[in-house]
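Coordinates in review
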Amino acid sequence: MPEHQQKNLAVYMLCVLLAALTVFQIYVSENSTTQQIHDRKFLEENSEQSKDVGQYKVTGGQTDSKVQCFEEMEILNDRLSLLEQLNFDKLGPTDYAARVFGGEVVSVVPTSRHRGSLLSRVRTAFSSMYDNYYQMQCIIQDCGTCFALEGSSGSIVIKLVKSVVLNAITIEHIPKSALPVRTDVYSALKEFSVWGINNPESTGKEIYFGTYTFDYMTTFLETFELDLDQPVSGVRFVRVDIHSNHGEKFTCIYRIRVHGTPEE
């Protein structure tokens, strides 16, 4: 074989070898890339699953914490509400009927205490005018006891400290949790109406402030915003007409508070 043909054959073989090597490198590279892509997808999928699990755990933990937090807040709010009720004279609006400020219960009809028992009848018969007057004042101050009305209805007239433009009235009874015996009937007043007057001994104009219901089954202290359809002038006396109670044969009045704005 001539020398130039040998050289051409050598070059040809070298080109074939280089081509084969290039094809092999491409094949290896493609397989490696495919494996890398597969491995990357596998890692990403596992990472997403781990992330989801982590988020679930965190979310679950956060949910439990939020539920516990809300429960604790509800308990705290209930306790704060109870403290506000028990300290209403200090934390609530001004009571212009309070005995300590100069308020006075002028009359209660019927004025006698509960006459259901023989003992109470004897006490009523021999009680002095001062004793009866003192008992009536328990309606506007904390005496540790109530003023009892015979039956489920009656009328109470209260003289305020000064002339006041009324906007609310608060009714308080002893908490059910403090009662020694559980029962289905209670002596707390239920339905009542509020009137404003300037002279209880005259037949002058009276201002009707509405009729309300004290829901003793849900609370022992409740403030009622008075119905004021139009501007009203101040009054010096308030009459509370009790129409019904919560089923007992007598009605106990523990505390009545009157709120508003003093008239200049």
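Residue numbers run consecutively from 1 along every chain, following the written order of its sequence. Reporting in this predicted model follows two pLDDT cut-offs: at least 70 for local features of residues, and 80 or more for side-chain atom pairs to be given and counted; totals over whole chains, interfaces and linings ignore these cut-offs and use all residues. Derived side-chain values reflect all non-hydrogen atoms in the structure, with water molecules and hydrogen atoms excluded from consideration.

**Some details on the overall build of the chain**
The helix count covers DSSP runs of H or I at least four residues long, the strand count covers runs of E at least two residues long, and both are numbered beginning at the N terminus. Across its full length, the chain holds 4 helices and 10 strands. In sequence order, the chain lays out its α and β elements as α-α-β-α-α-β-β-β-β-β-β-β-β-β. To sort residues, take the accessible area from a 1.4 Å probe on protein chains only and compare it with the maximum for the residue type: under 20% means buried, over 50% means exposed, and anything in between is partly exposed. With 264 residues in all, the chain has 29% of them scored as buried. For the chain, the proportion of contacts with a sequence separation of at least 24, taken over those separated by at least 6, is 80%. Method for areas: the Shrake-Rupley scheme with a 1.4 Å probe, in which residue coverage is limited to the protein chains shown. Within the structure as shown, the chain displays about 17,300 Å² of accessible surface, and the carbon and sulfur contribution to it stands at 56%. When checking whether two residues touch, look at their non-hydrogen atoms; a contact exists if any pair is within 4.5 Å.

**Some remarks on empty space enclosed by the protein**
Lining residues are those with an atom within 4 Å of a point, where the points come from a 1 Å grid over the protein atoms alone and group into cavities, where a 1.4 Å probe fits but cannot get out, or pockets, open sets with protein on both sides within 12 Å along at least five of seven lines. Grid points are joined across faces, edges and corners, and a volume is the space filled by probe spheres set on the points. According to the stated counting rule, one finds 1 cavity of 30 Å³ or more in the structure shown. Estimated volume of the largest cavity: approximately 30 Å³. Taken together, Ile171, Glu172, His173, Ala188, Leu189, Phe214, Cys252, Ile253 and Tyr254 form the lining of the largest cavity. If you list the elements that add at least two residues to the lining of the largest cavity, you get β3 (154–172) and β9 (247–253).

**Re the state of the cysteines**
For this text, the term disulfide refers to a pair of cysteine sulfurs within 2.5 Å. Tallying each qualifying case throughout the model produces 2 disulfides. Between the sulfur of cysteine 138 and that of cysteine 143 lies a disulfide, 2.4 Å long from S to S. Between cysteine 138 and cysteine 143, the S-S dihedral sits near -100°, and the bridge is therefore left-handed. Through a disulfide, cysteine 146 is tied to cysteine 252; the S-S separation comes to 2.5 Å. Pair noted here: cysteine 146 is in the loop between α4 (129–136) and β2 (147–150) and cysteine 252 is in strand β9, with a separation of 106 residues, a long-range link. Pair check on accessibility: cysteine 146 and cysteine 252 agree, each one buried.

**With respect to the pairing of strand β10 (residues 255–262)**
Burial runs high along β10: 6 of the 8 residues are buried. For two strands to be treated as a pair, DSSP must find at least two bridges joining them. Pairing between β3 and β10: 8 bridges, direction antiparallel. Bridge pairing in β10 places valine 165 opposite threonine 261.

**Things to note about the nonpolar core**
Nonpolar side chains tend to gather and get buried jointly when the protein is soluble and globular. Membership of the largest hydrophobic core comes to 37 residues, with the highest contact counts inside it found for Ile139, Ile156, Leu166, Phe192 and Ile256. With 7 residues, β3 is the largest single contributor of residues to this core. With sequence-adjacent residues up to four places away left out, isoleucine 139 is seen in contact with Val105, Val108, Phe147, Ile156, Ile253, Tyr254, Arg255 and Ile256. Residues belong to a common nonpolar core when they are buried Ala, Val, Leu, Ile, Met, Phe, Trp, Tyr or Cys residues joined through side-chain atoms within 4.5 Å.

**Some words on the packing of aromatic side chains**
We call Phe, Tyr and Trp rings a pair once their centres come within 6.5 Å, taking the six-membered ring for Trp, and we label the pair stacked below 30 degrees between planes, edge-to-face above 60, and tilted otherwise. In total, this model carries 6 aromatic pairs according to the counting rule given. Through successive ring pairs, a cluster of aromatic residues spans Tyr186, Phe214 and Tyr216. Sitting over the ring of tyrosine 216, lysine 176 keeps its end group 5.0 Å from the ring centre. Remark: a charge is flagged as sitting over a ring if the NZ atom of Lys or the CZ atom of Arg is within 6 Å of the ring centre and within 35 degrees of the ring normal.

**Looking at the sheet that holds β9**
Judged by pairing direction, the sheet is mixed, and its 3 strands sit side by side in the order β2-β9-β4 without closing on themselves. With partners counted over all chains shown, the strands left at the sheet margins are β2 and β4 (186–188), one partner each. Between one strand axis and the next, the sheet turns through 35° on average, direction left out of account. Only the contacting stretch of a helix is used when fitting its axis, a line to C-alpha atoms as for every element, and angles between N-to-C directions run 0 to 180 degrees.

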